[in-house]
Amino acid sequence: MRPGRPRRPGRSGAAGRPGVRGLGRGPEAARQQRRLRLVSPGETARALKTTGQEVLAFWSRERSTVRQGFTALAISTGVGMAAGIVLGRMEGLLAQLPGLMVLVPAAIGMRGAIFGALGARLGTGMLTGQFSGRLTRGDFGSQNVAAAALLSVSSSAFAAVAARAMAAIFGLPSISVWELMVVSVVGGILSSAFVLVGVLFLARTALRRSWDMDAIGSPLITATGDIVTLPALVAATFLVGLGQISIVLGMVLALLAVVAVWRNLRSPAAITRRIAAESLPVLAYAAIMDIFAGTVLEARLETLLVSPALLVLIPPFIATCGSLGGILSARLGSDLHLGLLRPRRWPEALAGLEASVIVLFSLAAFSGVGLIGHLAAQAAGLESPGVLTMAGITLGGGLLAIGFMFAVAYYAATATYRFGLDPDNYGIPIVTATMDFLGVICLVAAIAVAGLTV
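All chains use their own residue numbering, which begins from 1 and follows the written sequence. Restriction of local features to residues with pLDDT of at least 70 applies here, the model being predicted, together with a cutoff of 80 or more for giving and counting side-chain atom pairs; totals for whole chains, interfaces and linings are based on all residues. Hydrogens are left out, water is left out, and the side-chain values use all remaining heavy atoms of the structure.

Let us now look at the overall build of the protein. To qualify as a helix, a DSSP run of H or I must reach at least 4 residues; to qualify as a strand, a run of E must reach at least 2; elements of each kind are numbered from the N terminus. The secondary structure content of the protein amounts to 16 helices and zero strands. Partly exposed residues are those whose accessible area sits between 20% and 50% of the maximum for their type, while under 20% is buried and over 50% is exposed, using a 1.4 Å probe and protein chains only. By residue count, 60% of the 454 residues in the protein fall in the buried class. Whether two residues are in contact is decided by their heavy atoms, any of which lying within 4.5 Å being enough. Contacts in the protein between residues far apart in sequence, at least 24 positions, make up 82% of those at least 6 positions apart. Counting every atom, the protein has about 17,000 Å² of accessible surface; 67% of that belongs to carbon and sulfur. A 1.4 Å probe and the Shrake-Rupley method give the accessible areas. Residues count as covered only by the protein chains that appear here.

This is the structure we're talking about:
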């Protein structure tokens, strides 16, 4: 039997058709109802071609998900804007510690990649009856949590090394690799602790209240990561500049990361081992893409510091790209596991309908980022190019990003599923990391079109 069809890869005790066990209550029942009502077999099998009437009918059938998604995105945007204000106020620290901006997108993005994937796995665990909301030693939930915690340490260390290497390659000034290691790992541990608590609380609440974890998980988890990561990095910078103490601490943290990788790959828990084996390569890719995004921003740091309102846009814009991509990736992954979608070369009609929900979300979300960004910049005493310009930048850049987002999300989910891998371990990290980089490129392009020099 090929892994992933119909047995979910790496999930013990989930034999048979996914979604059969535990479907009498909570989101399991809601997802099963979605399976029964979503589209007819003939409609699913069609190539990517939908009419306006079909799209409206799909939105109507999924109105609960649309409502929950809008709520989650609104919270994500508001929290991301708070992170943007923090970044805008970090202008002095960014100038004082060269290379820190290279690390910022990776520090933020890795929280979303690791814990967004954790949320997606717990959401599917609800569908398959493996996650009951409790954590006991060796069970499905605790193995997932252990893997996420260890991956946080190892990925933070890798991001520090990648940031220093990228700065050297492009000739950008930077603090030492050991100082970056301290900032990245300590900041990563502090922020991951908060995000982990948030994910578990959200998963238990979703289970109890029959919420669609695919619709709300990625935006809320991303928002939590955004709001706690930057303050955690600022706190970690107090350990930088202490001479030999910073160097020794950086070396100890690097060794801790190596131990975390070894513990993941040699864990006696099968689920933890599988998550590590599947996640480490894709998280390395995610870190590199985020570092590329940070390199683009570091290279334009002087201009951004002159117009700090643009700094305010960066976290919520990137977060919105990641949230929308995470929603799409999670929904496509669940559709694959439930047998609603087949991993074909050309997307079927259902994939287009799922993408239409993301377009609906994006129109409101990206416009809101620009509008709220202008208001937030003014409230923080930062100069803004104007509300229409800010909204035009974020909406134009966001719509440009949507096309990339669908292609990345669809082919990441279907390719991993086709090869018997778990889309929850690959889809969200690949999509969020790729969209961090492409989102920055789209934002920079929109700023250039608006006539602002970046």
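Moving on, there is more to tell.
Turning our eyes to something else, we now look at empty space enclosed by the protein. Where empty space is left can be seen by rolling a probe of water-molecule size over the atoms. Residues are called lining when one of their atoms sits within 4 Å of a cavity or pocket point, these points coming from a 1 Å grid over the protein atoms alone, where a cavity is a set in which a 1.4 Å probe fits but cannot get out and a pocket is an open set with protein on both sides within 12 Å along at least five of seven lines. Grid points are joined across faces, edges and corners, and a volume is the space filled by probe spheres set on the points. Tallying each qualifying case throughout the model produces five cavities of 30 Å³ or more. Residue lining of the largest cavity: Ile-108, Gly-109, Gly-112, Ala-113, Thr-222, Gly-225, Asp-226, Ile-318, Ala-319, Gly-322, Thr-432 and Asp-436, and that is the complete set. Going through the elements one at a time, helix 6 (100–127), helix 9 (213–236), helix 13 (308–337) and helix 16 (423–449) are the ones with two or more residues in the lining of the largest cavity. In terms of residues, the lining of the largest cavity owes the most to one element, helix 6, which gives four residues. Each residue gets one label: Ala, Val, Leu, Ile, Met, Phe, Trp, Tyr, Cys and Pro are nonpolar, Asp, Glu, Lys and Arg are charged, and the others, such as Gly, are polar. Tallied by class, residues from the lining of the largest cavity come to four nonpolar, six polar and two charged.

What counts as a salt bridge is simple: a side-chain nitrogen of Lys or Arg found within 4 Å of a carboxyl oxygen of Asp or Glu. In this structure the tally under the stated criterion is one salt bridge. Residue Arg-274 pairs with Glu-278 through a salt bridge whose shortest N-O separation is 2.8 Å. Residue Arg-274 and its partner Glu-278 are located together in helix 11 (residues 270–299), separated by four residues, close to a single helical turn. Residue Arg-274 is classed as partly exposed on the basis of its relative accessible area, which comes to 27%. The exposure class of Glu-278 is buried, given its relative accessible area of 4%.

This part takes up the environment of Cys-321. Relative to the assigned elements, Cys-321 resides in helix 13. Overall, Cys-321 belongs to the buried group, its relative accessible area being 0%. For the pair Cys-321 and Ile-402, spaced 81 residues apart in sequence, the C-alpha to C-alpha distance is 8.1 Å. Contact partners of Cys-321, with chain neighbours within four places excluded, come to Phe-366, Ala-401, Met-405, Met-435 and Gly-439.

Here a helix's expected span is defined as the number of its residues, less one, multiplied by 1.5 Å. Helix length check: helix 10 (residues 244–265) (22 residues) gives 32 Å between terminal C-alpha atoms against 32 Å at 1.5 Å per residue, within 8%. When we look at burial in helix 10, the residues that qualify are Ser-246, Gly-250, Leu-253, Ala-254, Ala-257, Ala-260 and Asn-264. Buried residues of helix 10, viewed axially, fall in a sector of 115°; they line one side. Turned more than 90 degrees off the buried face of helix 10, the exposed positions are Gln-244, Ile-245, Leu-255, Val-258 and Trp-262. The directions from the helix axis to the C-beta atoms form the arc being described.

A word on the state of the cysteines. Cysteine sulfurs are considered disulfide-paired once they come within 2.5 Å of each other. A complete count under the given rule lists zero disulfides for this structure. We note that Cys-442 lacks a disulfide partner, and the nearest cysteine sulfur, in Cys-321, lies 6.9 Å from it. For Cys-442, a relative accessible area of 2% puts it in the buried group.

So, about the packing of aromatic side chains. What counts as a ring pair is set by centres within 6.5 Å for rings of Phe, Tyr and Trp (its six-membered ring), and what kind of pair is set by the plane angle: stacked under 30 degrees, edge-to-face over 60, tilted for all other angles. This model, assessed by the stated rule, comprises four aromatic pairs. Look at Phe-292 and Phe-437: their rings are 5.9 Å apart centre to centre, the planes differ by 50°, and that puts the pair in the tilted class. Note that Phe-292 is positioned in helix 11 and Phe-437 in helix 16, a separation of 145 residues in sequence. Aromatic rings pair up to connect Phe-406, Tyr-410 and Tyr-411 into one cluster.

Another point: the side chain of Thr-414. Examined against the element boundaries, Thr-414 turns out to sit in helix 15 (residues 387–418). Pairs of N or O atoms are called polar contacts if they sit within 3.5 Å, as long as, within protein, a hydrogen donor faces a hydrogen acceptor (for residues adjacent in sequence, only side-chain-to-side-chain pairs). Engagement of the side chain of Thr-414 in a polar contact is seen with the backbone oxygen of Tyr-410, the distance being 2.9 Å. When residues no more than four places from it in sequence are discounted, the contact partners of Thr-414 are Leu-336 and Pro-343.

What follows is about helix 8 (residues 177–209). Note: α-helices contain 3.6 residues per turn, so residues at a spacing of three or four share the same orientation. In this model, helix 8 (33 residues) spans 46 Å end to end at C-alpha, consistent with the 48 Å of a helix rising 1.5 Å per residue. In the stretch just after helix 8, Ser-210 is the one whose phi turns positive, near 60°.

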